[in-house]
Amino acid sequence: MQRLLLLFIPLGIMAQNPHAADPQAPEAGRGIFRIYCAPCHGLKADGGRGPDLTLGVYTAGDTDEALHKVISRGVPGSEMADYNERLGADNIWKVISYIRSAARKDAARPTGNIASGEKLFWGKGSCGQCHLAGTRGRSVGPDLTLAGRRRSLAYLRDSITEPNKDITPGFYTIVVETRDGKKITGVQRGFDNFSAQLMDANETYYSFLKGDVNTLKREYRSMMPSYAKAFTPAELEDVVAYLYSLRGN
Ligand code: HEC
Ligand code: HEC
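Keep in mind that this is a model prediction, so the values were computed, not measured.

### What to know about the domain arrangement of the chain
Here is step 1 of the chain: Entries for the chain in the domain assignment read domain 1 (2-102), domain 2 (114-167 + 225-244) and domain 3 (173-219).
Here is step 2 of the chain: Once you take the C-alpha centre of each, domain 2 and domain 3 turn out to be 26 Å apart.
Here is step 3 of the chain: Counting from both sides, the interface comprises four residues of domain 2 and, opposite them, seven residues of domain 3.
Here is step 4 of the chain: Both sides of the domain 2 and domain 3 interface together cover about 470 Å² of buried area, and 43% of this is carbon and sulfur.
Here is step 5 of the chain: Where domain 2 touches domain 3, the interface holds one salt bridge.
Here is step 6 of the chain: Put simply, Glu 203 and Arg 138 hold a salt bridge, and the shortest N to O gap is 3.3 Å.

### Points about the pairing of strand β4 (residues 183-191)
Here is step 1 of the chain: Here strand β3 (residues 173-178) pairs with β4 via five bridges, running antiparallel. The partner of Glu 177 across the bridge, within β4, is Lys 183.
Here is step 2 of the chain: If you look at the hairpin formed by β3 and β4, you'll find four residues sitting between the two strands, and Gly 181 has a positive phi there, around 85°.
Here is step 3 of the chain: Summarising the sheet, β4 and strand β5 (residues 195-199) pair through four bridges and their orientation is antiparallel. Counted as the bridge partner of Phe 191 is Ala 196 from β5.

Calculation notes
Residues numbered from 1 in each chain as written. Chains lettered and ligands numbered in written order. Predicted model: local features only at pLDDT ≥ 70, side-chain atom pairs only at ≥ 80, totals over all residues. Heavy atoms only, no water. Domains from an automatic or database assignment. Contact = heavy atoms within 4.5 Å. Buried area = accessible area lost by both parts, 1.4 Å probe. Salt bridge = Lys/Arg side-chain N within 4 Å of Asp/Glu carboxyl O. Pairing = 2+ DSSP bridges. Helix = DSSP H or I, 4+ residues; strand = E, 2+ residues; numbered from the N terminus.

See below:
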């Protein structure tokens, strides 16, 4: 019994931020955050390609301990890497002090109607022609099943109105002209010095060797059309609210 207690007490202490009362910690953490985290979570931690961290509520759990765990270990299968080796446990606590200091009561929340956004997604927008959301749709573009968990509101909105602004890594456009003059355009599935794999808008998969075609180019633009004009501002907010609700529950 006594031995068990000895084991549990140090763990209990570890789970609390040792810098919680240190007024310097948020600033130190902010410096680390700017270098390692801002490229995805934004300079002010309010999100981008990664989720907004100023909301004060987290999929990983709201305690300091849960945040420490997710930052140390990452989220397998997502762009969120594990930072334990790179930063060390103590620096991660400082980053958490910064995240806590950046939490805001007025953080952006979705204002649109989820049910109406879902209708627009599968109907007027034909988004399911290219995207999976849960078990429905097609896989020409990125799977959106966890879009709300992985991305910020602003990023989701921009993805719809300005697809070329921040292209999802690995989903560039490949354009091939074959020897007999046929032009094939599709979303990148693979690309190296010798070959390219792509999927066209009809979900047909192609693989080409560079030597076998006239030209084979990777273009830094999206196959996704902009919906800036297709949706009214209210419709756009509805679709954003629907995407934000996609969290794999
Ligand atoms: C390459 C992009 C990228 C970088 C760099 C990055 N993250 Fe993330 N982060 C993500 C994504 C994407 C998720 C969502 C993962 C998921 O739940 O599928 C995430 C999730 C998180 C979460 C959990 C959020 C929640 O609601 O559960 C925290 C906390 C977090 N990141 C903190 C950090 C910190 C701190 C750093 C720097 C040390 C960092 N991230 C660097 C992309 C990134
Ligand atoms: C012709 C196929 C196509 C259609 C139709 C389409 N998309 Fe896309 N979408 C893509 C491709 C390809 C990408 C990846 C390149 C990029 O970042 O734009 C993408 C990227 C996205 C992203 C960013 C995903 C991420 O995780 O980074 C979102 C969000 C998105 N689309 C939402 C939508 C919505 C909402 C609609 C309907 C209103 C839609 N798309 C219609 C092909 C399509």
